[in-house]
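For reference, the chains in residue letters:
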Amino acid sequence: MKNLALFRLNRWLIFTLVVTLIGCKSEGPVKSSVTETIDVTALDPHSYANFNEVHTQHLDLELEVNFTNQKIYGVARHTLINRKATKAIFDINGPVIQKVTLGPKGKEVEADFVIGKMDKDSILGQPLIVTIAPSTKYVNIYYQTGDECAALEWSSQEEKDRPFVYSQGQAILTRSWIPLQDSPNVRITYQAKVTVPKGLMALMSAENPKKTNEQGLYNFSMKQPIPSYLIALTIGKYSYHSYNERCGVYADSELLPKAAEEFSELPEMMAAAENLYGPYAWGRYDLMVQHPSFPFGGMENPRLTFVSPSIISGDKSLVSVIAHELAHSWSGNLVTNASWNDFWLNEGFTVYLEHRIMEYLKGQEYSNILCEIEFDELNQELKEIKASEHPEDARLKLNLTNRNPDDGMTSVAYVKGAYFLKTLEAKIGRTKMDAFLKGYFKKFAFQNITTETFYDYLHSQLLTVQGISFNTDEWLYLNELPKNMVKIQSKDLDTMRLLAKKTNQGENIFAPVKKFKWVEKKYKKKRKRKSFKKVYFTVQLDPKKYNTQMWQTYLRSLDSTLSTATLNTIDESVGFSHANNEIRFEWYMVCLKNNHWAIKEGLSEFLRNIGRRKYVLPLFKELLRHPKERNWTAELYRNAKANYHSVTRKSVEHWMK
Ligand SMILES: [Zn+2]
């Protein structure tokens, strides 16, 4: 296929990158200015690293975390695999480099280095180019984090009684707090010595403590090789609850009992996932309930998934997020996208696995509900992508050169990717599908692969050998949703759409309805003929019968022409404005579309307390469609943004421009 050939060729194109290099040893002023041409193999359009010549195999971090000035002071000691390179290029976006040395600890000699690009690239940051010898094995980078550090979120002044800091690395934010080769192609093991203020617990995506260290000294070790975006750190006043010898949950001490109860199905989920896809490869699996500012529902940091507290609903209705993050232990963490253009390999597989785990735990209908809700989101997003300047973002294989890799974090990677696998499953049958996936995870464990590697494997191991014809090229390289895509429908959601239709037509679906039935009359003496009487009774819709996802669908199916009286009635009947975060979010969206401003107080409280981008961004986008409320919206954002991680802030500010 034409598309396929084109993509394969692009991957191997060599391009020349011209950078202006500034002598930049931190102890003195700028010493020299030179222009140098660097040949970079375009293996990863989002990293300057020359990892094809020299790459980090192991990273030793020594970090001191200062909460007073909100900086981390550190040394990043890189152990290299060096193929006779004379320079090693690392990625930085923010860290101030103090010095660079070569050699093992204690036998170090200072090295020459330059920082490329005087005007740093707003997306990629800058290359840190260290002069090395062809035999150099160790590079040590002494640094401190800069005034701006996109990965880290620190507690505010008001939170000084419960200080915290946490990192978010995906996609290319790790370079903002650690100088390293920030490409998923470079898999590293790591160790870290971290010093934190007394009384705080530090945790990483590594072997973790269960208790707070009195002295604030922590040692971490991640023995399996991981890509840089999975290095994670979190520090705060945490406690731990163990479910069994393999898994548990960390949270702020006050929140821990609630969190432990909410995620109590975790051992069952692990058993289900292992049963489907083979042994869990990472030792322990713990959850870490993050600060409400955490920008995502969850982040699959190995051994220690970070989750947003917004998924704690009290009724376990949002725990599919946990199934999703756990599934990443196979798709994403074990088999990783080689570049962000192949992001669907991480997310499409993970959504497919998430649905399978949830089906195993809660049945087919529940999995269908999740699937259909996400499919609606995909369709919505495809409309926006089609109308945007990058309609080609509707493809699974992306081309994000010169763009922010976060642009690829759309439903296409997640949902179209999952539908590709579901359609393949429908074609070949579940038994073959499961065997294929198990084999895939085993074959590519601890490797980074491209879409093309997957394509070759799928065809050579399954489709070609078994004579199965399947339109893989169309799925991977074309914008449209292929015609053979499986249709997945949930009866429960059909019921909710019907209810929404009635609401849209002005019917009060919550009002008691008088009904009758015929009941046989009873007489003292037996009669020849039976006779019947009408017995009247009332029925009323019981909101408790419907789960979160069902109400989500109901709310999404409502029109934007509802009266205030109707909105008040449905809120009073179900209590949308006091429900869990997922429902509250949908409710506020309905109200904004209907110009129902009575929700202002609740909405403002919601947006000031939760920094999850999935909620914050659409709500601000919707608010911005109301010019009359511009001032109120701007003030709300000013008050709320301190509680948002840079990922959420940047997304909203992009729309506010
Ligand atoms: Zn994911």
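Rules used throughout
Residues numbered from 1 in each chain as written. Predicted model: local features only at pLDDT ≥ 70, side-chain atom pairs only at ≥ 80, totals over all residues. Heavy atoms only, no water. Patch = residues over 30% accessible without salt bridge, like charges linked within 9 Å, V, L, I, M, F, W, Y side chains within 5 Å. Areas by Shrake-Rupley, 256 points an atom, 1.4 Å probe, with all protein chains shown as cover. Salt bridge = Lys/Arg side-chain N within 4 Å of Asp/Glu carboxyl O. Lys, Arg positive; Asp, Glu negative; His and termini not counted. Charge placed at Lys NZ, Arg CZ, Asp CG, Glu CD. Helix = DSSP H or I, 4+ residues; strand = E, 2+ residues; numbered from the N terminus. Pairing = 2+ DSSP bridges. Contact = heavy atoms within 4.5 Å. Axes fitted to C-alpha atoms, helices over the stretch in contact; angles between N-to-C directions. Buried < 20%, exposed > 50% of the residue type's maximum accessible area, 1.4 Å probe, protein only. Parallel < 35°, antiparallel > 145°, perpendicular 65-115°, else oblique. Expected span 1.5 Å × (residues − 1). Arc of directions from axis to C-beta.

S.K.: Describe a positive patch on the surface, naming the residues involved and giving the relevant values.
M.R.: On the surface, a cluster of positive charge is contributed by Lys521, Lys522, Arg527 and Lys533. Along the chain, lysine 521 turns up in the loop between strand 24 (513–520) and strand 25 (532–539).

S.K.: So what's going on with the sheet that holds strand 19 (residues 285–289)? Which residues, and what values?
M.R.: Here five strands make up an open sheet; going across it, the order is 17-18-19-21-20 and the pairing mixed. Single-partner strands in this sheet number two, and they are strand 17 (238–242) and strand 20 (298–299). Looking at chain direction, strand 19 and strand 21 (residues 304–307) are connected through four bridges and run parallel. Across the sheet, residue methionine 288 finds its bridge partner in strand 21, namely phenylalanine 306. Strand contacts of helix 3 (residues 266–277): strand 18 (247–252) and strand 19, with the helix running at about 135 degrees to strand 18, the strand carrying the most contacts. Helix 4 (residues 320–327) rests against strand 19, strand 20 and strand 21 of the sheet, and its axis sits at about 130 degrees to strand 19.

S.K.: Give a description of the pattern of salt bridges that names residues and reports values.
M.R.: Here the idea is simple: oppositely charged side chains can pair when their charged atoms come close. A complete count under the given rule lists 28 salt bridges for this structure. Arginine 556 is the salt-bridge partner of glutamate 377, the closest N and O atoms lying 2.6 Å from each other. Of this pair, glutamate 377 sits in helix 6 (residues 364–387) while arginine 556 sits in helix 12 (residues 548–556), and the two are 179 residues apart along the sequence. What makes arginine 556 partly exposed here is its relative accessible area of 33%. When the shortest N-O distance is used, the salt bridge between aspartate 393 and arginine 403 registers 2.8 Å. Within this pair, whereas aspartate 393 is found in the loop between helix 6 and helix 7 (411–428), its partner arginine 403 is found in the loop between helix 6 and helix 7, the two being separated by 10 residues in sequence. Comparing aspartate 393 with arginine 403 shows no difference in burial state: the two are buried. Connected via shared salt-bridge partners are Arg356, Glu359, Glu425, Arg430 and Asp434.

S.K.: Explain the packing of helix 12 against helix 14 (residues 581–593) to me, using residue names and the numbers behind them.
M.R.: Close contact between helix 12 and helix 14 brings their axes to 9 Å; oriented N to C, the two are set at 5 degrees. Here helix 12 lies roughly parallel to helix 14, going by the angle between them. Touching Thr548, Trp551, Gln552, Leu555 and Arg556 of helix 12 are Glu582, Ile583, Glu586, Trp587 and Val590, all from helix 14.

S.K.: Summarise helix 8 (residues 430–443); cite the residues concerned and give the values.
M.R.: The end-to-end C-alpha distance of helix 8, which contains 14 residues, comes to 20 Å, matching closely the 20 Å that a straight helix rising 1.5 Å per residue would cover. Among all positions of helix 8, only Met433, Asp434, Phe436, Leu437, Tyr440 and Phe441 are buried. Along the axis of helix 8, the buried residues cluster in a sector spanning 160 degrees; they form a single face. Exposed side chains of helix 8 directed beyond 90 degrees from the buried face belong to Thr431, Ala435 and Lys442. Along its buried surface, helix 8 packs onto helix 3, strand 22 (335–337), helix 5 (343–362), helix 7, strand 23 (447–449) and helix 9 (451–463).

S.K.: Would you mind going over the pairing of strand 21 in detail, with residue names and values included?
M.R.: Because side chains alternate across strand 21, one face comprises the buried residues Leu304 and Phe306, and the other comprises Thr305 and Val307, equally buried. Bridging between strand 20 and strand 21 involves two bridges; their strand directions are antiparallel. Of the residues in strand 21, the one forming a bridge with glycine 298 is valine 307. The antiparallel pairing of strand 20 with strand 21 creates a hairpin that spans four residues between the two strands, and arginine 303 there sits at a positive phi of about 70 degrees.

Scope: geometric values only; no functional claims are made or implied.
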